[in-house]
Amino acid sequence: MLYWDHEKECMPREKLQELQLRRLKETVYRVYSFVPAYKAKMDEAGVKPQDIKSLADLKYLPFLTKQDFRDNYPFGLLAVPMRDVVRIQSSSGTTGKPTVAGYTKNDIETWAELMARCMTTAGATRDSVIQITWGYGLFTGGLGGHYGAEKIGAAVLPASGGNTKRQVQLMHDYGVTMLGCTPSYALVIYEEFQRMGLKRSEFKFKSGIFGAEPWSENMRKEIETKWEIDAHDVYGMTELVGPGVAIDCAYKQGLHLAEDHFIAEIIDPDTGEVLPEGSHGELVITSLTKEALPIIRYRTRDLTSINYEKCDCGRTHGRIKKILGRSDDMLIIRGVNVFPSMVESILLQIPGIEPQYQLIVERKNNLDRLEVQVEVSENVFSDEVRKLEELEDKISKELNSGLGIAVKVRLVEPQSIERSEGKAKRIIDNRKI
Amino acid sequence: MAKQISVFLENKSGRLAHVTKVLGDAGINIRALSIADTSDFGILRLIVNDPINAHKILKEAGFTVSETEVIAVRMPDSPGGLASVLDQMSEENLNIEYLYAFLGMSGNEALVVFKVEDIKKAKISFNSKGIKFMEEQELYQL
């Protein structure tokens with residue numbers, strides 16, 4: 001059994017909770033003192049930092065939501081001056097205001113620790129050759145994986161995304177032992193590997209850490225059987241730090257959440273009430289060690305439950321159940337977050353287009369495809385095919401650049417988009433996740 | 001000059017049947033039609049005996065409809081009839097967006113519907129070249 005930091009990962013819960021409380025108090029003091037937006041929220045809720053005397057007092061603190069990130073765009077939630085920020089990452093594919101994350105030198109170090117822990121849990125050692133095919137750039141996947149792999153002392157291949165044939169060649173020629181990518185891409189690479197007619201025995205591929213999109217146990221089985229590897233689920237998001245917040249161990253009975261760096265709560269998404277242990281609900285995360293962007297009770301919108309029983313692997317950190325649903329209408333398509341409202345605001349910027357649209361998501365050959373159906377109004381209708389095709393093309397280009405993913409646009413007749421109780425049904429997700 | 005009714009249709013079964021039924025129920029007679037299609041959608045173009053009413057009822061039935069000015073050109077119903085017209089249009093630099101033929105003409109004349117880029121220019125050219133086209137009211141009475 002491999003641990004990156006045995007002391008922290010297997011800390012007795014009592015000691016872990018002491019550590020959490022100490023760090024929580026410190027974090028709350030810091031946000032109250034240095035982030036006006038937090039101070040305003042806490043004052044409004046009538047809570048002072050000194051009111052937080054136990055972990056149970058966490059529930060008195062106000063929630064942080066994606067809207068707070070928008071309202072305080074770009075740097076309003078940072079708790080340090082810009083001179084202490086060494087990195088800025090931001091969420092993928094948002095139109096108006098992306099979610100911005102700042103990192104101090106220590107934050108980058110902590111993030112690397114977290115990812116090193118995850119990769120070690122998934123079997124990485126100094127001897128590993130790790131290929132990162134998450135995108136490098138503002139998206140947290142690429143650099144997050146990269147720093148973690150380097151921290152371990154493994155050899156890292158910063159392949160970034162795209163060019164599947166080259167990915168297979170790299171894996172084959174450089175003796176890659178671990179892959180970090182989206183789970184669907186692991187299957188796309190597999191198909192390319194088969195087309196290329198290479199022998200599995202010529203690969204040293206042993207395990208993968210997969211994340212940045214929802215995937216089922218069935219998909220895990222498929223990846224593990226086809227590739228003959230061990231497939232681990234890594235969890236994270238830009239607001240929290242990036243990937244590295246949680247990962248499942250060899251027993252795959254939920255994802256160990258790094259509780260020395262984060263506190264998790266499960267709430268009822270409708271009432272905001274904290275639910276008893278073991279309940280299914282929305283995951284709320286509080287950071288304990290982040291300097292630049294501390295987050296208090298961030299509503300992730302991800303639906304799960306937490307199991308605090310000690311795992312057979314020896315780790316004491318609570319395990320979140322594989323995340324398969326959300327409490328909002330966000331879609332995750334090839335690692336990119338897409339809200340119907342984003343599609344709507346892009347459509348509204350195109351003259352003559354009315355916001356009558358529907359998003360259809362399909363998973364074909366393991367890749368998610370987004371089709372946006374737009375009703376043709378008289379304002380944009382033409383008796384010439386060429387003009388309508390130009391319109392389709394224009395909409396598709398606007399959506400593509402606004403969302404950050406390729407979108408197929410289909411023009412449809414008015415009123416053909418399904419409406420239920422007067423409200424248009426915006427999403428049809430046909431993926432079997 | 002004539003008014004063509006254009007209707008947006010999704011490529012799915014029953015849509016054309018629906019349009020024609022709506023028109024038929026309203027006692028509207030289709031005089032000429034063509035469909036331009038792509039893999040996703042089609043545009044149905046119609047010449048009917050009552051374009052104003054047709055537009056209204058199709059719109060009421062929920063279709064996206066538009067009216068387009070087209071020109072119905074008369075030509076001899078004999079080999080080379082269309083070629084001669086096209087030839088003369090080419091000499092006059094008249095750009096054609098699309099064209100389609102009328103249904104059920106009798107006698108020795110054929111009637112072809114043209115959508116041209118510049119309809120005013122086309123009319124002047126036709127008059128100077130002696131190309132005959134049908135007036136609106138005459139067309140609807142056919």
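Some remarks on the domain arrangement of chain B
A common way to report how large an interface is uses the accessible area buried once the components associate.
Residues and elements named next belong to chain B.
And then number 1: We note that the domain assignment places domain 1 (2-68) and domain 2 (70-141) within chain B.
And then number 2: Centre-to-centre separation of domain 1 and domain 2, based on C-alpha positions: 22 Å.
And then number 3: Contacts between the two partners involve 10 residues from domain 1 and, on the opposite side, 12 residues from domain 2.
And then number 4: At the level of elements, β1 (2-10) and β2 (30-37) are the ones that each hand at least two residues to the side of domain 1 that touches domain 2.
And then number 5: A per-element tally of the side of domain 1 that touches domain 2 places β2 first, with 4 residues.

What about the interface of chain A and chain B?
And then number 1: Contacts between the two partners involve 16 residues from chain A and, on the opposite side, 18 residues from chain B.
And then number 2: Among the secondary structure elements, those contributing two or more residues to the side of chain A that touches chain B are α11 (385-403) and β20 (407-412) of chain A.
And then number 3: The residue makeup of the side of chain A that touches chain B, split by class, is 7 nonpolar, 3 polar and 6 charged.

Structural notes on α11(A)
And then number 1: The terminal C-alpha atoms of α11(A), which comprises 19 residues, lie 27 Å apart, in line with the 27 Å expected from a rise of 1.5 Å per residue.
And then number 2: Those residues of α11(A) hidden inside the fold are in contact with β17 (336-338), α10 (340-348), β19 (367-375) and β20 of chain A together with β3 (41-48) of chain B.
And then number 3: With its phi angle positive at about 85°, A:G404 sits one or two positions after the end of α11(A).

Overview of the packing of helix α8 (residues 183-195) of chain A against helix α9 (residues 217-227) of chain A
All names here are of chain A.
And then number 1: The geometry of α8 relative to α9 is characterised by a closest axis approach of 10 Å and an angle of 30° between their N-to-C directions. On the basis of their axis angle, the class for α8 and α9 is roughly parallel. Handedness of the α8/α9 crossing: left-handed. Across from P183, A186, L187 and Y190 in α8, the residues of α9 making contact are M219, E222, I223, K226 and W227.
And then number 2: Partitioned by chemical class, the residues of the contact of α8 with α9 number 7 nonpolar, no polar and 2 charged.

Some remarks on the domain arrangement of chain A
And then number 1: For chain A, the domain assignment lists domain 1 (6-328) and domain 2 (336-429).
And then number 2: In this structure, domain 1 of chain A and domain 2 of chain A have C-alpha centres spaced 32 Å apart.

Regarding the nonpolar core
And then number 1: Among the nonpolar cores identified, the biggest contains 88 residues, and A:M119, A:I130, A:A186 and A:V245 are the most heavily contacted of them.
And then number 2: Here the element with the most residues in this core is helix α5 (residues 105-121) of chain A; it accounts for 7 residues.
And then number 3: Those residues in contact with A:M119 that lie beyond four places of it in its chain are A:A124, A:I130, A:G148, A:A149, A:I152 and A:I209.
And then number 4: Counting 63 residues, the second largest nonpolar core, distinct from the first, contains A:I333, B:I5, B:F63 and B:V73.

Some points on the sheet that holds strand β5 (residues 178-181) of chain A
As a general point, the strands of a sheet are linked pairwise by backbone hydrogen bonds and lie either parallel or antiparallel.
Residues and elements named next belong to chain A.
And then number 1: On the basis of which strands lie adjacent, the open sheet formed by 9 strands has the order β4-β3-β5-β6-β7-β8-β9-β14-β13 and mixed pairing. In this open sheet, the two strands that pair with only one neighbour each are β4 (155-157) and β13 (306-307).
And then number 2: Bridge count for strand β3 (residues 129-132) against β5 is 3 bridges, and the pairing is parallel. Note on β5: the bridge partner recorded for I130 is M178.
And then number 3: Packed on one face of the sheet, α5 meets β3, β6 (207-210), β7 (230-237) and β8 (242-248) and runs near 30° to β8.

What counts as what
- Residues numbered from 1 in each chain as written.
- Chains lettered and ligands numbered in written order.
- Predicted model: local features only at pLDDT ≥ 70, side-chain atom pairs only at ≥ 80, totals over all residues.
- Domains from an automatic or database assignment.
- Contact = placed C-beta atoms within 7 Å.
- Helix = DSSP H or I, 4+ residues; strand = E, 2+ residues; numbered from the N terminus.
- Nonpolar A, V, L, I, M, F, W, Y, C, P; charged D, E, K, R; others polar.
- Expected span 1.5 Å × (residues − 1).
- Axes fitted to C-alpha atoms, helices over the stretch in contact; angles between N-to-C directions.
- Parallel < 35°, antiparallel > 145°, perpendicular 65-115°, else oblique.
- Left-handed = near helix turned anticlockwise from the far one by under 90°.
- Core = buried A, V, L, I, M, F, W, Y, C linked by C-beta atoms within 7 Å.
- Buried ≥ 20, exposed ≤ 12 C-beta atoms within 10 Å, placed from the backbone.
- Pairing = 2+ DSSP bridges.

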